[in-house]
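In case you want the letters, here they are:
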Amino acid sequence: MRRRDLLATMAGLGTATALGAAPASLRADETKIPSIPGPDPATKTPNFKAPPGSVDTHTHIFGPAATYPFSPTRPYTPPEAPLEMFRALHAKIGIERAVIVNATVHGTDNRVVTDAIAQSNGKYKGVANINAAMSDADLAALGKAGICACRFAFLRRLGGVGDMTVFRTLVDRVAAIGWHVDIYLETGTIQEFVPVLKALPVTYVIDHMGTISAAKGIDDAEFKALLNLQASDEKCWVKITGPERASASGPPFHDAVPFARKLIDNAPDRVIWGTDWPHPNVKIMPNDGDLVDLIPLYAPAPAIQQKLLVSNPERLFKFAAKS
């Protein structure tokens, strides 16, 4: 798909995340919204011991729906994965701090994130869903509550993205208050988005290693475009997340390791790591202990592990320094 066709398609779609009302096709009877499975409940204790102050920079909390209702325009319904499960997961895998990314199931109600941050004693930060109806005071309040960024999901299965003019306006607004933006791209669209991303006036973080496909190999043109973007634009950060999304071979997802390692070697000061717990919309549910044990394969040197897990996320999300 050429860039002009891609953006035209997005302009014709409603948004599930930020840029306008969802189309009628997404406002269907809630009983028709597909359900997805929850995370593996038998989390393994990883062999790898993360350094003190390590940050899981991409996680979600779902519900409880009685307190934090799911959006009626959500594209899927997950099992509840509340704060108590979230804390237990990180205790099991040995990760001290986290960044909670508000998912599309909660729409632009960010309380599930900000309430968790308020109870964390500085251990959590957040990434919000926003829209053009929010005032500057609304955004400032989110910032005071521990939000450091907002997310834009350019995925057709999540409703696509609407008016790109609104996108650019929102980016300008969050840049003015010191936030960065999270970018979730459709597989195979990195090359099309390079000019859009390079033109952004703010730091941006590309989710899930750019949704690369391990089956296409390390020399795939899309992956090369991501590497070139990462190397050429100092505003570009990449999340080393989603090996289960990239993998063609399945657990323990070792075919995704060369891609992660290449991205880390390419810009070691602008990479961060996360679990993506509780793993919405994955083909194969990973065990989070196994995901932690991939870290020393991604980054064998302790100094690089420290950057990936501690000092880089501290700098990006403005955590108190432990590095």
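Look above for the structure.
Residues numbered from 1 in each chain as written. Predicted model: local features only at pLDDT ≥ 70, side-chain atom pairs only at ≥ 80, totals over all residues. Heavy atoms only, no water.

Engineer: For this particular structure, what's the right way to read the overall build of the chain?
Structural biologist: When its secondary structure is counted, the chain shows 12 helices and 8 strands. Out of the 323 residues in the chain, the part that is buried amounts to 56%. For the chain, contacts bridging at least 24 residues in sequence account for 79% of all contacts bridging at least 6. (Helix = DSSP H or I, 4+ residues; strand = E, 2+ residues; numbered from the N terminus. Buried < 20%, exposed > 50% of the residue type's maximum accessible area, 1.4 Å probe, protein only. Contact = heavy atoms within 4.5 Å.)

Engineer: Whenever I open this one, the environment of Ser-71 confuses me. Can you help?
Structural biologist: Structurally, the position occupied by Ser-71 is in the loop between β1 (55-59) and α2 (83-93). Sequence spacing of Ser-71 and Val-105 is 34 residues, and the spatial spacing of their C-alpha atoms is 5.6 Å. Here Ser-71 is in contact with Thr-104, Val-105, His-106 and Gly-107, once residues within four sequence places are set aside. One polar contact links Ser-71 to Thr-73, side chain to side chain, over a distance of 3.0 Å. (Polar contact = N/O pair within 3.5 Å; in protein donor to acceptor, adjacent residues only side chain to side chain.)

Engineer: What am I meant to see in the pattern of salt bridges here?
Structural biologist: It is possible for side chains bearing opposite charge to pair when their charged atoms get close. This model, assessed by the stated rule, comprises 11 salt bridges. Residue Glu-96 is joined to Lys-322 by a salt bridge in which the shortest nitrogen-to-oxygen separation is 3.2 Å. Of the two residues, Glu-96 sits in the loop between α2 and β2 (97-101) while Lys-322 sits in the segment after α12 (302-317), which places them 226 residues apart along the sequence. Judged by relative accessible area, which is 35%, Glu-96 ranks as partly exposed. (Salt bridge = Lys/Arg side-chain N within 4 Å of Asp/Glu carboxyl O.)

Engineer: What is the right way to read the nonpolar core from this model?
Structural biologist: Counting 81 residues, the largest nonpolar core has Ile-130, Val-181 and Ile-240 as its most contacted members. When sequence neighbours within four positions are dropped, the list of residues in contact with Val-181 reads Cys-150, Phe-152, Val-171, Val-174, Leu-200, Val-202, Thr-203, Tyr-204 and Val-205. Judged by nonpolar contacts, the second largest core, of 12 residues, contains Val-127, Cys-148, Trp-237 and Leu-316. (Core = buried A, V, L, I, M, F, W, Y, C linked by side-chain atoms within 4.5 Å.)

Engineer: Help me understand empty space enclosed by the protein, please; the structure alone is not making it clear to me.
Structural biologist: The gaps of empty space that remain are located by a probe, the size of a water molecule, rolled over the atoms. For the structure shown, the criterion picks out 2 cavities of 30 Å³ or more. Volume-wise, the second largest cavity comes out at about 50 Å³. Looking at the second largest cavity, the residues that line it are Thr-187, Gly-188, Ile-190, Gly-210, Thr-211, Ile-212, Ser-213, Lys-216, Asp-220 and Glu-222. Residue classes in the lining of the second largest cavity are distributed as 2 nonpolar, 5 polar and 3 charged. (1 Å grid on protein atoms, 1.4 Å probe; cavity = no way out; pocket = protein on both sides within 12 Å on 5 of 7 lines; lining within 4 Å. Points joined across faces, edges and corners; volume = space filled by probe spheres on them. Nonpolar A, V, L, I, M, F, W, Y, C, P; charged D, E, K, R; others polar.)

Engineer: I would appreciate a short explanation of the packing of aromatic side chains in the present structure.
Structural biologist: Aromatic ring pairs: the centre-centre distance and the angle between the two ring planes describe each pair. Applying the stated criterion across every chain, the model contains 6 aromatic pairs. Both rings, one in Phe-86 and one in Tyr-124, keep their centres 5.2 Å apart while their planes meet at 90°; by these two values the pair is edge-to-face. With Phe-86 in helix α2 and Tyr-124 in strand β3 (residues 124-128), the pair connects residues that are 38 residues apart, well separated along the chain. Grouping residues by exposure puts Phe-86 and Tyr-124 together as buried. Judged by centre distance (5.3 Å) and plane angle (90°), the ring pair of Phe-154 and Phe-167 falls under edge-to-face. Of this pair, Phe-154 sits in strand β4 (residues 147-154) while Phe-167 sits in helix α5 (residues 164-176), placing them 13 residues apart in sequence. The pair Phe-154 / Phe-167 is uniform in exposure class, with both members buried. Taken together through their ring pairs, the aromatic side chains of Phe-152, Phe-154, Phe-167 and Phe-193 make up a single cluster. Across from the ring centre of Phe-319, 5.8 Å away, lies the NZ or CZ of Lys-125, which sits over that ring. (Phe/Tyr/Trp six-rings, centres within 6.5 Å; stacked < 30°, edge-to-face > 60°. Lys NZ or Arg CZ within 6 Å of the ring centre and 35° of its normal.)

Engineer: Sorry, what's going on with the sheet that holds β3 here?
Structural biologist: Within a sheet, neighbouring strands are paired by backbone hydrogen bonds and run either parallel or antiparallel to one another. Judged by pairing direction, the sheet is parallel, and its 8 strands sit side by side in the order β1-β2-β3-β4-β5-β6-β7-β8 without closing on themselves. Every other strand in the sheet has two partners, leaving β1 and β8 (271-273) as the edge strands with one partner each. Across the sheet, the mean angle separating the axes of adjacent strands is 25° when strand polarity is ignored. Sheet analysis places β1 next to β2, joined by 3 bridges and oriented parallel. Its bridge partner lying in β2, Val-55 is registered against Arg-97. Most of the contacts of helix α9 (residues 257-266) go to strand β7 (residues 236-240), to which it runs at about 145°, and overall it touches β7 and β8. (Pairing = 2+ DSSP bridges. Axes fitted to C-alpha atoms, helices over the stretch in contact; angles between N-to-C directions.)

Nothing here speaks to function; it is all geometry.
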